Amino acid sequence: MTLRVLNTLSGEREPFEPADPDDVLLYYCGLTVSDDPHLGHARTWVHVDTIHRWLEHLGYDVRHVENVTDVNEKIVARVGERDGDGTLGDDEREVAATFIDRLLTDMRSLNLRRAEVHPRVTEHVPEIIDLVETLVEEDYAYESDGSVYFDVTAFPDYGELSNQRLDDVEAQGPKAERAEKRHPADFALWKAGGVDAAAIAEHRYDDRDYEAAAPTGETWESPWGEGRPGWHIECSAMSMTYLGETLDIHMGGRDLVFPHHENEIAQSEAVTGEPFARYWLHADLLEMDAEKMSSSLGNFVTVHEAVERFGTNPLRMFFLSASYNSTQTYSDAAVEEAIERWGRLATAYDRAADALAGADARTTADSTLGERAAESHEAFAAAMNDDGCGPPSRRSRNSARTSWASPSTATPAAARRR
RNA sequence: GCCAAGGUGGCAGAGUCUGGCCUUACGCGGCGGCCUGCAGAGCCGCUAUACGCCGGUUCAAAUCCGGCCCUUGGCUCCA
């Protein structure tokens with residue numbers, strides 16, 4: 001049975017074939033650590049985890065890398081802020097460290113397969129600078145006032161992932177940057193100087209208690225002077241460092257398709273001349289009151305709160321009750337239903353296992369129990385491999401759904417394994 | 001405006017690529033019953049005449065084709 005996956009690149013459900021038949025190089029675009037992780041993040045994590053586990057189940061050796069973006073103006077904006085016991089940190093690195101700590105704790109609480117490595121931007125600035133230098137040398141990028149921008153017109157396939165045409169793309173980045181760009185869609189690879197005060201003010205949590213300070217964030221020495229890496233380049237640098245020029249699977253939230261992933265493709269392929277990722281899988285977003293759950297909208301439930309309140313498996317159950325590539329709506333009632341659902345599944349599993357093992361004198365295994373369990377398991381595997389992986393072409397049709405793990409087809413045993 | 005993902009029963013959510021009995025799957029809810037010392041859990045049956053709208057193709061469409069409407073996301077930090 002072959003696994004098929006929905007590839008954002010083609011919009012088609014394609015047979016999955018890693019470059020090396022035994023290994024899967026999986027890169028998941030992780031978080032920018034400027035706040036506590038919320039259920040929207042958790043939903044994507046659980047789907048990534050499920051895919052990771054399924055690939056292992058199929059016999060692949062999964063090399064899973066998951067970055068942490070710890071250089072960002074939103075992080076700088078929280079320097080000196082007080083939260084609970086004390087300050088989040090006195091500089092950008094400290095604030096990031098605080099949130100990375102919470103991030104890893106939250107991930108553990110959801111029983112996720114751990115990534116092999118969680119690289120951070122601050123630890124990979126030299127690689128980033130190398131990439132940018134190469135891009136400049138090869139005329140894919142240009143320097144302007146100490147900043148470096150990627151020249152989208154130099155990369156003919158730009159827009160391929162998100163199906164955008166260059167003419168339709170609006171300007172990327174803040175206004176101040178735009179004057180320095182040749183094309184409005186050009187994006188920053190390197191930004192001169194530190195974070196300016198206006199940008200920080202925009203991201204301040206004004207309703208919270210913090211000490212007024214004027215941090216500018218960390219800067220690094222580069223061939224273009226002191227500055228900071230642009231937003232997209234770190235993923236190229238880190239994925240290439242750990243997984244090489246071509247990934248098998250690149251995952252992330254749907255909100256990253258454009259511009260983030262589009263830009264990653266452009267800058268990476270411009271350097272290597274090789275495809276950056278063979279398969280792009282995007283998890284759709286968790287909504288709350290018909291809006292996406294997000295830190296910036298403030299309509300979120302933190303992972304920490306939710307795990308305490310509902311428990312790990314019910315939450316996983318909740319996330320897996322909708323396809324990874326369709327939106328899901330959060331509500332207390334929906335999660336409470338997942339608690340029930342999980343409980344029933346667990347009970348059924350225990351009883352079936354007891355009966356099959358003859359461990360419980362009160363329940364005897366029906367002669368067909370084992371057989372039916374096997375059938376269910378087979379149906380589950382088929383769904384995971386085929387129907388479970390994605391909808392038909394979205395470009396020729398109008399619909400797309402996926403159920404990596406629709407519990408409907410899961411036997412208790414199979415579900416328990418997850 | 002451009003790009004993307006969706007619009008299925010009271011709720012939630014499969015099925016759409018590979019048209020056809022589609023089982024509107026699995027649930028939740030509701031109704032009736034069974035089991036049970038009580039409660040919980042469990043079990044059985046029923047309920048819901050659906051597939052955004054309008055056309056087209058076909059013996060046959062939720063599924064294919066065309067047009068339209070609506071929702072959400074992206075184009076600014078974003079899982």
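As the structure is a prediction and not an experimental result, all values here were calculated from the model.

K.L.:
What exactly am I supposed to notice about the overall build of chain A here?
P.N.:
A tally of regular secondary structure across chain A gives 13 helices and 15 strands. Within chain A, the proportion of its 418 residues that are buried is 51%. Sequence-distant contacts, at least 24 apart, represent 75% of the contacts inside chain A between residues at least 6 apart. Carbon and sulfur atoms make up 45% of the accessible area of chain A, which amounts to about 18500 Å² in all.

K.L.:
Just checking my understanding: could you explain the pairing of strand 4 (residues 61-66) for this structure?
P.N.:
Looking along a regular strand, one sees side chains alternate from face to face of the sheet. Sheet analysis places strand 3 (residues 23-28) next to strand 4, joined by six bridges and oriented parallel. Paired with Asp23 across the two strands is Asp61, which belongs to strand 4.

K.L.:
Looking at this structure, I do not really get the sheet that holds strand 12 (residues 277-283). What am I missing?
P.N.:
One key point about sheets: their strands pair by backbone hydrogen bonds, in either a parallel or an antiparallel sense. Reading across from one edge, 4-3-11-12 is the order of the four strands in this open sheet, with parallel pairing throughout. Two strands bound the open sheet, and with one partner strand each, they are strand 4 and strand 12. Strand after strand, the sheet turns through a mean of 20° between neighbouring axes, direction not considered. Looking at chain direction, strand 3 and strand 11 (residues 247-253) are connected through three bridges and run parallel. Its bridge partner being in strand 11, Tyr28 is matched across the sheet by Met251.

K.L.:
What is the right way to read the packing of helix 4 (residues 125-137) against helix 8 (residues 257-272) from this model?
P.N.:
Relative orientation and spacing of two packed helices are given, respectively, by the angle between their axes and the distance between those axes. In contact at an axis separation of 10 Å, helix 4 and helix 8 are set at 70° when each is read in the N-to-C sense. One finds that helix 4 runs roughly perpendicular with respect to helix 8. Contacts from Leu131, Thr134 and Leu135 of helix 4 reach helix 8 at Gln267, Ala270 and Val271. Its residues assigned to classes, the contact of helix 4 with helix 8 comprises four nonpolar, two polar and no charged.

K.L.:
What exactly am I supposed to notice about empty space enclosed by the protein here?
P.N.:
Using a probe with the size of a water molecule, rolled over the atoms, empty space left in the structure can be pinpointed. Within the structure shown, the criterion is met by three cavities of 30 Å³ or more. Of all the elements in the fold, those that place two or more residues in the lining of the largest cavity are helix 1 (39-57), strand 4 and helix 3 (92-109). Grouping the amino acids of the lining of the largest cavity by side-chain chemistry returns six nonpolar, two polar and five charged.

K.L.:
What should I look at first to understand the sheet that holds strand 9 (residues 187-192) in this one?
P.N.:
Taken together, the four strands give an open sheet; going across it, the order is 7-8-9-10, and neighbouring strands pair in antiparallel fashion. This sheet does not close on itself; its edge strands, each paired only once, are strand 7 (141-144) and strand 10 (227-229). Direction aside, neighbouring strands of the sheet carry axes that sit 20° apart on average. Across four bridges, strand 7 lies against strand 8 (residues 147-150) in antiparallel orientation. If you follow Tyr142 over to strand 8, its bridge partner there is Tyr149. Packed onto the sheet, helix 4 meets strand 7, strand 8, strand 9 and strand 10 and runs at close to 120° relative to strand 9.

K.L.:
Where do I start with helix 8 in this structure?
P.N.:
Given 3.6 residues to a turn, an α-helix orients residues that are three or four positions apart in the same direction. Over its 16 residues, helix 8 runs 21 Å from end to end, which matches the ideal 22 Å to within 8%, given 1.5 Å per residue. Taken from the residues just after helix 8, Gly273 is the one with a positive phi, measuring 75°.

K.L.:
When you look at unusual backbone geometry in this model, what are you seeing that I'm missing?
P.N.:
In this structure, the amide linkage connecting Phe258 to the following residue, Pro259, adopts the cis form with an omega of 0°. Within the secondary structure, Pro259 is located in helix 8. The residue Asp145 is not glycine, and still its phi comes out positive at about 60°. Note that Asp145 resides in the loop between strand 7 and strand 8. On the basis of relative accessible area, Asp145 is assigned to the exposed category, the value being 65%.

K.L.:
Quick question: what am I supposed to make of the pattern of salt bridges here?
P.N.:
One side chain can pair with another of opposite charge once the charged atoms of both are near each other. Summed over the entire model, instances satisfying the criterion amount to 17 salt bridges. The residue Arg254 makes a salt bridge to Asp284 at a minimum N-O spacing of 2.9 Å. In this pair, Arg254 sits in the loop between strand 11 and helix 8 while Asp284 sits in the loop between strand 12 and strand 13 (286-288), placing the two residues 30 residues apart along the sequence. Of the residues examined, Arg254 reaches a relative accessible area of 29% and is grouped as partly exposed. One salt-bridge network, in which partners are shared between bridges, spans Asp35, Arg78 and Glu81.

K.L.:
Can you help me understand the packing of aromatic side chains in this one?
P.N.:
We describe a pair of aromatic rings using the distance from one ring centre to the other and the angle between the two ring planes. This model, assessed by the stated rule, comprises 11 aromatic pairs. On the numbers, 6.0 Å between centres and 50° between planes, the contact of Phe276 with Trp280 is tilted. Each member of the pair, Phe276 together with Trp280, is buried. Considering the side-chain rings of Phe318 and Tyr330, the 6.2 Å spacing of their centres and the 90° angle between planes classify their relative orientation as edge-to-face. Of the two residues, Phe318 sits in helix 10 (residues 312-320) while Tyr330 sits in the loop between strand 15 (328-329) and helix 11 (332-357), which places them 12 residues apart along the sequence. When sorted by exposure, Phe318 lands in the same class as Tyr330, which is buried. By way of ring pairs, the aromatic residues Tyr140, Phe150, Phe155 and Phe187 are connected into one cluster. Here the basic side chain of Arg182 rests over the ring of Tyr142, its NZ or CZ set 3.9 Å away from the ring centre.

K.L.:
Explain the side chain of Arg43 here, please?
P.N.:
You can see Arg43 is positioned in helix 1. Asp284 is the oppositely charged side chain nearest to the buried, salt-bridge-free Arg43, at an N-O distance of 5.7 Å. Within the local environment of Arg43, its side chain forms a polar contact with the side chain of Gln328, the two groups lying 3.1 Å apart. In contact with Arg43, not counting residues within four places along its chain, are Asp284, Leu285, Leu286, Phe319, Ala322, Ser323, Tyr324, Ser326, Thr327 and Gln328.

K.L.:
Would you mind going over the nonpolar core with me for this structure?
P.N.:
One broad rule of soluble globular proteins: the nonpolar side chains tend to lie buried together. In terms of nonpolar packing, the biggest core is built from 59 residues, with Phe16, Leu39, Trp45, Leu55, Ile249, Leu315 and Tyr330 touching the most fellow members. Sorting elements by how many residues they give to this core places helix 1 first, with eight residues. The residues touching Leu55, leaving out its near neighbours within four places in the chain, are Leu3, Phe16, Val24, Tyr60, Val62 and Ile249.

Each value, and the rule that gives it
Residues numbered from 1 in each chain as written. Chains lettered and ligands numbered in written order. Predicted model: local features only at pLDDT ≥ 70, side-chain atom pairs only at ≥ 80, totals over all residues. Heavy atoms only, no water. Helix = DSSP H or I, 4+ residues; strand = E, 2+ residues; numbered from the N terminus. Buried < 20%, exposed > 50% of the residue type's maximum accessible area, 1.4 Å probe, protein only. Contact = heavy atoms within 4.5 Å. Areas by Shrake-Rupley, 256 points an atom, 1.4 Å probe, with all protein chains shown as cover. Pairing = 2+ DSSP bridges. Axes fitted to C-alpha atoms, helices over the stretch in contact; angles between N-to-C directions. Parallel < 35°, antiparallel > 145°, perpendicular 65-115°, else oblique. Nonpolar A, V, L, I, M, F, W, Y, C, P; charged D, E, K, R; others polar. 1 Å grid on protein atoms, 1.4 Å probe; cavity = no way out; pocket = protein on both sides within 12 Å on 5 of 7 lines; lining within 4 Å. Points joined across faces, edges and corners; volume = space filled by probe spheres on them. Expected span 1.5 Å × (residues − 1). Salt bridge = Lys/Arg side-chain N within 4 Å of Asp/Glu carboxyl O. Phe/Tyr/Trp six-rings, centres within 6.5 Å; stacked < 30°, edge-to-face > 60°. Lys NZ or Arg CZ within 6 Å of the ring centre and 35° of its normal. Lys, Arg positive; Asp, Glu negative; His and termini not counted. Polar contact = N/O pair within 3.5 Å; in protein donor to acceptor, adjacent residues only side chain to side chain. Core = buried A, V, L, I, M, F, W, Y, C linked by side-chain atoms within 4.5 Å.

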